[in-house]
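# Remarks on the overall topology
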Amino acid sequence: MRDLSVRYNGELALQSVDLDVRENKIAALIGPSGCGKTSFLMALNRLSSMIRGCTVQGQVRFGETEISAATPTGWLRRQVGMVFQRPNPFPVSIERNLHLPLREHGCPRRELKLRSEELLKRVGLWEEVSGRLGEPAQSLSGGQQQRLCLARALALNPRVLLMDEPCSALDPISTAHIEELIDSLRSHVTIIIVTHNLAQARRLADDVAVFWNCGCCGCLIESGPASEVFESPQHPDTASYLRGIIG
Ligand SMILES: Nc1ncnc2c1ncn2[C@@H]1O[C@H](COP(=O)(O)OP(=O)(O)OP(=O)(O)O)[C@@H](O)[C@H]1O
Ligand SMILES: [Mg+2]
């Protein structure tokens, strides 16, 4: 990302972010509420274009591809999946939540069951749900729903996964499940995860980017390998934030 800015109704929400995200690594975005982390994620897969009054300026390059208004969103969202803070399974059965994206992206009908089973195993849900695949996804617990959403995102075999506080609505055991999963995706998928949980960022992240409220709007104040940002932060606000003094 180069010089990436996000505005809502003309008002700057995030100013001029330059950030490189390494392929097949886990990058954690941290920082206080309202500093533009979600706005940043939404700009990456152009979900921001669906928000009335939201405009994005600057460059997002993904591999060799420059993301712009002309980029086909179907292609982009297949490459760049997203998991949100609140689990949002489709209001259909557990298995249909996986069949729909698999079908949409060309999986032959006869392979749907097998591919769904593989995905459910990958997110550690198979044993819990194999006997109730036809039941509504909403009948699952919050943690199970979030794992299903992750399976749904993985169904498209994305190269990048954006995760916006994926564990903040979950209990510690479900959180541990999701963290294990994220860890298992390391070196296969590029992950950008927003988290307010600094311990989680320490456990998971290869790289860290610190967003901050810089007067009028959000900005990026520091980024680098997790060990460097956590052990020897360069920016005084990062140091205070990590020590729990501000933010
Ligand atoms: N749809 C919107 N319309 C107008 N302003 C918005 C909209 N979405 C976000 N904003 C504003 O943009 C700024 C950044 O918000 P954003 O949600 O990106 O922050 P965040 O870092 O994700 O916060 P949090 O940690 O609380 O989730 C805030 O001032 C917010 O009020
Ligand atoms: Mg947010």
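As shown above, the structure is provided for reference.
Quick look at the structure, then. This is a predicted model, so every value here is computed, not measured. All residue numbers refer to position in the chain's written sequence, counted from 1. Each chain takes a letter, starting from A, and each ligand takes a number, starting from 1, following the order in which they are written. Residues qualify for local features only when their pLDDT is at least 70, as the model is predicted, and side-chain atom pairs are given and counted only at 80 or more; totals for whole chains, interfaces and linings, by contrast, use all residues.

Further remarks concern the site of ligand 1. Taken together, Y8, A13, S33, G34, C35, G36, K37, T38, S39, I51 and G218 make up all the residues around ligand 1. Numbering of helices and strands runs from the N terminus, with a helix taken as a DSSP run of H or I at least four residues long and a strand as a DSSP run of E at least two residues long. Considering every element that reaches the shell around ligand 1, the biggest residue donor is helix α1 (residues 37–44), with three residues. By definition, a residue lies near a molecule or strand when the C-beta atom built from its backbone is within 6 Å of it.

A fitted line through C-alpha atoms serves as each axis, taken over the contacting stretch for helices, and the angle formed by two N-to-C directions is quoted from 0 to 180°. The interhelical angle for the contact between helix α3 (residues 94–104) and helix α6 (residues 142–154), taken along N-to-C directions, is 20 degrees, at an axis separation of 8 Å. Between α3 and α6, the crossing angle belongs to the class labelled roughly parallel. The way α3 lies across α6 gives a crossing that is right-handed. Contact with α3, carried on its side by I94, N97, L98 and P101, involves L148, A151 and R152 of α6 and no other residues of that element. Throughout this description, any angle smaller than 35 degrees is read as roughly parallel, any larger than 145 degrees as roughly antiparallel, any in the 65 to 115 degree range as roughly perpendicular, and the remainder as oblique. It is the rotation of the near helix from the far one that decides the hand of a crossing: anticlockwise by less than a right angle makes it left-handed, clockwise makes it right-handed. A pair of residues counts as a contact when their C-beta atoms, built from backbone coordinates, are separated by no more than 7 Å.

Structurally, S174 can be placed in helix α7 (residues 172–185). Along the sequence, S174 and P225 sit 51 residues apart, while their C-alpha atoms lie 27 Å from each other. Residues contacting S174, with those up to four places away along its chain left out, are G142, G143 and Q146.

Take the pairing of strand β8 (residues 190–194) next. The burial label depends on the number of other C-beta atoms within 10 Å of a residue's C-beta. Counts of 20 or more mean buried, 12 or fewer mean exposed, and intermediate counts mean partly exposed, with C-beta atoms placed from the backbone. Within β8, five of the five residues are buried, leaving the element largely enclosed by the surrounding structure. Going residue by residue along β8, you find T190, I192 and V194 tucked away on one face and I191 and I193 tucked away on the opposite face as well. For two strands to be treated as a pair, DSSP must find no fewer than two bridges joining them. Where strand β7 (residues 160–164) lies against β8, five bridges are found, and the strand directions are parallel. Note on β8: the bridge partner recorded for M163 is I193. By convention a crossover is right-handed if, when the strands point away from the viewer, the path from the first strand over the helix to the second runs clockwise. For the crossover from β7 across α7 to β8, the handedness is right-handed.

The subject of this paragraph is the environment of L29. Residue placement: L29 occurs in strand β3 (residues 26–30). It is 22 Å that separates the C-alpha atoms of L29 and M50, two residues lying 21 residues apart in sequence. Other than its neighbours up to four places away in sequence, L29 contacts K37, F40, I192, V194, A209 and F211.

The next thing to look at is the nonpolar core. Generally speaking, nonpolar side chains in soluble globular proteins are found buried as a group. The nonpolar core criterion groups buried Ala, Val, Leu, Ile, Met, Phe, Trp, Tyr and Cys residues into a set whenever they are joined through C-beta atoms within 7 Å. Residues A28, L29, A151, L162, I191 and I193 are the most contacted members of the largest nonpolar core, which totals 63 residues. Per element, the largest residue contribution to this core is six residues, and it comes from α6. Setting aside residues no more than four positions away along its own chain, A151 makes contact with L98, L119, L120, R122, V123 and L125.

Moving on, we come to unusual backbone geometry. The phi torsion at N9 lies on the positive side, around 50 degrees, for a residue other than glycine. Mapped onto the elements of the fold, N9 is located in the loop between β1 (2–8) and β2 (11–17). With 9 C-beta atoms counted inside 10 Å, the residue N9 sits in the exposed group. In the Ramachandran plot, S187 falls in the positive-phi region, its phi being about 70 degrees despite a non-glycine side chain. Inspection of the secondary structure puts S187 in the loop between α7 and β8. With 11 C-beta atoms packed within 10 Å, S187 lands in the exposed category.

Another point: α7. Expected helix span is computed as 1.5 Å times (number of residues minus one). When the terminal C-alpha atoms of α7 are compared, their 20 Å separation across 14 residues agrees well with the 20 Å that a helix rising 1.5 Å per residue should span. Buried within α7 we find H177, I178 and I182. Burial along α7 is one-sided: seen end-on, the buried residues are contained in an arc of 135 degrees. Of the residues in α7, the exposed ones pointing more than 90 degrees away from the buried face are P172, I173, E180 and D183. Residues of α7 that are buried in the fold lie against β3, α6, β8 and α8 (198–204). Within two residues after α7, S187 carries a phi angle of roughly 70 degrees, on the positive side. Arc definition: directions from the helix axis to the C-beta atoms.

Turning our attention to α1. With eight of its eight residues buried, α1 lies for the most part within the structure. Among the residues making up α1, those that are buried are K37, T38, S39, F40, L41, M42, A43 and L44.

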